[in-house]
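Fold and contact review
Residues per chain are reported as follows:
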Amino acid sequence: MNVPQSELKKTFLNSYTNFSELENALLSIRRMNDDSIGISVIGNANDTDDSHKFALHKNDIQQLLNKIIGEETEFDSFYNRELGHLFVSGFLVSTFLNPVGKSNIGILSGGPYGVLRGFGISEQDAAESVKNISNGNYLLVIRGNNRAVQKIASMLVD
């Protein structure tokens, strides 16, 4: 019996200091029109010090991401004691909301780091990515087959 071997998934991370850079990257990826990849964005909304401002900020970000990535894009937010108010969109939402005991992974100390490690990101890259999120950067996470991810990586890193 000859069973086809499934292609291994690859994960690519890129950090952006401002939303307009992230938006340009997402628009470039969208123009590729490749349905075989998963897109997620993890961000920190700590620049908003009260819950009302955070809700407005989160709503603006959600609307922009839905417009760029697609209306069906999942989105959620939560408070992580180490990193503050975070939001996540795309394929990683369900992972961040997975329950561990009485809490979701996203709110646990080390939760975002653990999620990235679970997707095969090296210890160093996961730690650096969490540090970037903590500093207010937006983290773009792309997951897909090797060829598609390499194409995106070369387009975004140039």
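Thresholds applied
- Residues numbered from 1 in each chain as written.
- Predicted model: local features only at pLDDT ≥ 70, side-chain atom pairs only at ≥ 80, totals over all residues.
- Heavy atoms only, no water.
- Pairing = 2+ DSSP bridges.
- Helix = DSSP H or I, 4+ residues; strand = E, 2+ residues; numbered from the N terminus.
- Axes fitted to C-alpha atoms, helices over the stretch in contact; angles between N-to-C directions.
- Expected span 1.5 Å × (residues − 1).
- Buried < 20%, exposed > 50% of the residue type's maximum accessible area, 1.4 Å probe, protein only.
- Parallel < 35°, antiparallel > 145°, perpendicular 65-115°, else oblique.
- Left-handed = near helix turned anticlockwise from the far one by under 90°.
- Contact = heavy atoms within 4.5 Å.
- Nonpolar A, V, L, I, M, F, W, Y, C, P; charged D, E, K, R; others polar.
- pLDDT = per-residue confidence, 0-100.
- Core = buried A, V, L, I, M, F, W, Y, C linked by side-chain atoms within 4.5 Å.
- Arc of directions from axis to C-beta.

1. Things to note about the sheet that holds strand β7 (residues 138-145)
One open sheet accounts for five strands, arranged β1-β7-β2-β4-β3; its pairing is antiparallel. Each edge of the open sheet carries a strand with a single partner, namely β1 (9-16) and β3 (75-80). With strand direction ignored, the average angle separating the axes of adjacent strands in the sheet is 20°. Where strand β2 (residues 38-44) lies against strand β4 (residues 84-90), five bridges are found, and the strand directions are antiparallel.

2. Thoughts on helix α1 (residues 19-32)
For α1, which comprises 14 residues, the first-to-last C-alpha distance of 20 Å matches the rise-based estimate of 20 Å (1.5 Å per residue) to within 8%. Listed as buried for α1 are F19, L22, A25, L26, S28 and I29. Immediately downstream of α1, the backbone of N33 shows phi near 55°, a positive value.

3. As for the packing of α1 against helix α6 (residues 146-157)
The interhelical angle for the contact between α1 and α6, taken along N-to-C directions, is 140°, at an axis separation of 11 Å. Taken together, the axis directions place α1 and α6 in an arrangement best described as oblique. Considering the relative orientation of α1 and α6, their crossing is right-handed. Contacts between α1 and α6 pair A25, S28, I29 and M32 from the former with K151, I152, M155 and L156 from the latter. Class assignment for the residues of the contact of α1 with α6 results in six nonpolar, one polar and one charged.

4. Considering the confidence of the model for the protein chain
The share of residues in the protein chain with pLDDT of 70 or more is 87%, and the mean pLDDT across the chain is 85. Summarising per-element confidence for the protein chain, the mean pLDDT is lowest in helix α2 (residues 51-69) (70) and highest in helix α5 (residues 123-134) (96).

5. Some points on the nonpolar core
Ranked by internal contacts, the top residues of the largest apolar core, which has 23 residues, are L22, L26, I29, L65, L140, I142 and L156. Sorting the residues of this core by element identifies β1, α1, β2, α2, β7 and α6 as the ones contributing at least two each. Residue contacts for L140: discarding those within four places in its chain leaves F12, L13, N14, Y16, L22, A25, L26, I29, I39, S40, V41 and L156. I121, A126, I133 and V141 belong to the second-largest nonpolar core, a separate cluster that totals 18 residues.

6. Observations regarding the environment of I107
The residue I107 is located in the loop between β6 (103-104) and α4 (111-118) in this model. As a C-alpha pair, I107 and N80 span 27 residues in sequence and 4.3 Å in three-dimensional space. When near neighbours in sequence (up to four residues on either side) are disregarded, I107 contacts F78, Y79, N80 and R81.

7. Quick notes on α5
Spanning twelve residues, α5 covers 16 Å between terminal C-alpha atoms, matching the ideal 16 Å at 1.5 Å per step. Looking only at α5, the buried set comprises A126, S129, V130, N132 and I133. Buried residues of α5 fall within an arc of 160° about the axis and therefore sit on the same side. Away from its buried face, by an angle of more than 90 degrees, α5 presents the exposed residues E123, Q124 and K131. Of the surrounding secondary structure, the elements contacted by the buried residues of α5 are β1, β2, β4, α4 and β7. One or two positions beyond α5, positive phi appears at G136, with a value near 95°.

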